[in-house]
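# Understanding the architecture of this molecule
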Amino acid sequence: MKYQALIVTLLSVLSVSAANAQVPRDNSNRPCIEANVQADQSNTARVNQNCKENLSRTIQAGQSNTAETYQKGQRNDNAVEQMGYEGPKRRAPPPHGQR
């Protein structure tokens, strides 16, 4: 009985992965669109687009932000907004025995 359940599970996983497999597409005639919104203390964004038309937008809010964009196409559009956000500071705990 255990082996039958294992075989059924294995066959299910294999059929799902085969159904979700995709053939590589030719991206040369369609637009590439990339959007990144990052709000951590340290943000890094890397965009690499190689389509006929490329559009990229990156918004980063953190203390350390980096962004790199490489676009190769007939029409390229890129915008990056970086904000040095400083969140609320934590109060130091009171000395021992005080409130």
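Refer to the structure above for everything that follows.
Note that this is a predicted model, so its numbers are computed, not measured.

### Section: the sheet that holds strand β1 (residues 31–38)
On the basis of which strands lie adjacent, the open sheet formed by 3 strands has the order β1-β3-β5 and parallel pairing. In this open sheet, the two strands that pair with only one neighbour each are β1 and β5 (75–83). Across the sheet, the mean angle separating the axes of adjacent strands is 0 degrees when strand polarity is ignored. Examined bridge by bridge, β1 and strand β3 (residues 53–61) share 8 bridges and lie parallel to one another. Residue pairing for β3: Glu34 is matched across the bridge by Ser56.

### Describing a nonpolar patch on the surface
A cluster of nonpolar residues, Val37, Ile59 and Met83, forms a patch on the protein surface that exposes about 270 Å² of accessible area. According to the relative accessible area criterion, Met83 is partly exposed, its value standing at 35%.

### So, the state of the cysteines
By the definition in use, this model includes 1 disulfide. Note that Cys32 is cross-linked by a disulfide to Cys51, the S-S spacing being 1.7 Å. With Cys32 in strand β1 and Cys51 in the loop between β2 (42–49) and β3, this residue pair connects regions lying 19 residues apart in the sequence. Assigned by exposure class, Cys32 and Cys51 land together as buried.

The rules behind each value
- Residues numbered from 1 in each chain as written.
- Predicted model: local features only at pLDDT ≥ 70, side-chain atom pairs only at ≥ 80, totals over all residues.
- Heavy atoms only, no water.
- Pairing = 2+ DSSP bridges.
- Helix = DSSP H or I, 4+ residues; strand = E, 2+ residues; numbered from the N terminus.
- Axes fitted to C-alpha atoms, helices over the stretch in contact; angles between N-to-C directions.
- Patch = residues over 30% accessible without salt bridge, like charges linked within 9 Å, V, L, I, M, F, W, Y side chains within 5 Å.
- Areas by Shrake-Rupley, 256 points an atom, 1.4 Å probe, with all protein chains shown as cover.
- Salt bridge = Lys/Arg side-chain N within 4 Å of Asp/Glu carboxyl O.
- Buried < 20%, exposed > 50% of the residue type's maximum accessible area, 1.4 Å probe, protein only.
- Disulfide = S-S within 2.5 Å.

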